[in-house]
Every structure is written in structure tokens, then in C-alpha cells.
Amino acid sequence: AVGESLYFTTGTTERLRIDSSGRVGIGTSSPSGELHVKSASINANFYLQRSVHDPWRLSAGSSYLSFLQDSSEKMRIDSSGRVGIGTSSPDGILDIEGNFETSKALVLTNTKGTGKVSYVRSHGGNGETLSLYHDGALRQTWDSNGSATFESGGSERLRIDSSGNVGIGTSN
């Protein structure tokens, strides 16, 4: 009948409802959006799986939203709005953790004009060097010794050492 809801139960417990406005509620009898999923457990989980491949899962806890592939967390947004990629405890607005010895930590691509790509890598066994690349060429490096270098055309052009000494055209 007009203005009525359609609902499904198991036993005496309502599990799913389509209200008179077409909104779907799973775990709630009063959906507040087109699809409203409410969980009685600690986390609400939404799974998306194609064929036999490992499922993707969106998990909402009391203070976070996380994205998982199979059972491995890939990204988290905490209640402070901090985003963690490769970590479940982001330490800043954007915290990217991983092994960047051979891969790029952050890639920025210019989609206008030249299409040049800039990226950041952390080098060394303990990530003691941070390097900025542009269009595949090393441009700036900062290391744990307190020195900074600036390169152009594949060669170091300027160095500031940990004592504040500046070298131009020399690497020492």
C-alpha cells in the first residue's frame, strides 16, 4: 500500500527495510539516507568482492573508518581527520608508511601542460635520507646528518652541511 515500508525479518528480528521513500536500512528500521547500514557489533563492515578474489572491506569503528583488502588494512581515517596509509595510527594529517627504498612514497603528477611528475623517496636502511625528485631526476636531498643538497642536470650544485657551511660546485 502507498506510504508503507517493506521489511524482512529472521525470527522476530527486523534485518532489512525499504521505507516509503525508497531508502534502504540494514540493521535499522528508520534509514536516514539512500542506504543506511547499522551494526549492533563494535565495528560495522561493508564487503565488496569480485568472483573468487579477496574481498575489499570498509570498516567503521567508534573512532575510525578503515579500508582493508582481505584482512590487511590499507588506509585509515581517524576521528581527528588524520589519514594513515600503511598505518593504523596516523601521526599527522597524512601519514604514509611503507618501504620506500625502491618505491615512491608520494607522487604528484601535473595533468596540465608538461605532465611532469614529482615524487618523494626515503633512502637508507633506516630512512635516513629524504629525496625529492622531479621528472625522474634527483633535485633535493636532506639527510639525518643535517646536510641538504640541491642538484640540477644530474649533478650536485649546492650543499649545506650540518655546520651551516655552504658549498657551491663542490660535494664537501
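Refer to the structure presented above.
1. As for the overall build of the chain
Here's step 1: Helix and strand counts for the chain come out as zero helices and 17 strands.
Here's step 2: Since a compact globule built from 172 residues should have a radius of gyration of about 16 Å, the 25 Å found for the chain marks it as more spread out than a globular shape.
Here's step 3: Along the first, second and third principal axes, the C-alpha set of the chain runs to 85 × 35 × 35 Å.
Here's step 4: The burial tally for the chain puts 20% of its 172 residues in the buried class.
Here's step 5: In the chain, the proportion of contacts linking residues at least 24 apart, taken out of those at least 6 apart, comes to 0%.
Here's step 6: Carbon and sulfur atoms make up 51% of the accessible area of the chain, which totals about 11700 Å².

2. Side note on the pairing of strand β1 (residues 6–10)
Here's step 1: Two elements, β1 and strand β2 (residues 13–18), share five bridges in a ladder whose sense is antiparallel. Within the sheet, the bridge partner assigned to F8 lies in β2 and is L16.
Here's step 2: In textbook terms, the turn of a hairpin is the stretch between consecutive antiparallel strands, and for β1 and β2 this stretch comprises two residues, one of which, G11, has a positive phi near 65°.

3. Some words on the sheet that holds β1
Here's step 1: Pairing within the open sheet is mixed, and its four strands lie in the order β1-β2-β3-β4. Strands at the two margins of the open sheet, each flanked by one partner only, are β1 and β4 (35–37). On average, each strand axis in the sheet is tilted by 20° relative to the strand beside it, whichever way the strands run.

4. Here we look at the pattern of salt bridges
Here's step 1: On inspection of all chains with the given rule, the structure shows five salt bridges.
Here's step 2: The salt bridge partner of E73 is R76, with a shortest N-O separation of 2.9 Å.
Here's step 3: Accessibility expressed as a relative area gives 25% for E73, which makes it partly exposed.

5. Side note on the packing of aromatic side chains
Here's step 1: According to the stated counting rule, one finds zero aromatic pairs in the structure shown.
Here's step 2: R76 extends its terminal NZ or CZ atom over the ring of Y64, reaching a point 3.9 Å from the ring centre.

What counts as what
- Residues numbered from 1 in each chain as written.
- Predicted model: local features only at pLDDT ≥ 70, side-chain atom pairs only at ≥ 80, totals over all residues.
- Heavy atoms only, no water.
- Helix = DSSP H or I, 4+ residues; strand = E, 2+ residues; numbered from the N terminus.
- Rg over C-alpha atoms; globule rule 2.2 N^0.38 Å.
- Buried < 20%, exposed > 50% of the residue type's maximum accessible area, 1.4 Å probe, protein only.
- Contact = heavy atoms within 4.5 Å.
- Areas by Shrake-Rupley, 256 points an atom, 1.4 Å probe, with all protein chains shown as cover.
- Pairing = 2+ DSSP bridges.
- Axes fitted to C-alpha atoms, helices over the stretch in contact; angles between N-to-C directions.
- Salt bridge = Lys/Arg side-chain N within 4 Å of Asp/Glu carboxyl O.
- Phe/Tyr/Trp six-rings, centres within 6.5 Å; stacked < 30°, edge-to-face > 60°.
- Lys NZ or Arg CZ within 6 Å of the ring centre and 35° of its normal.

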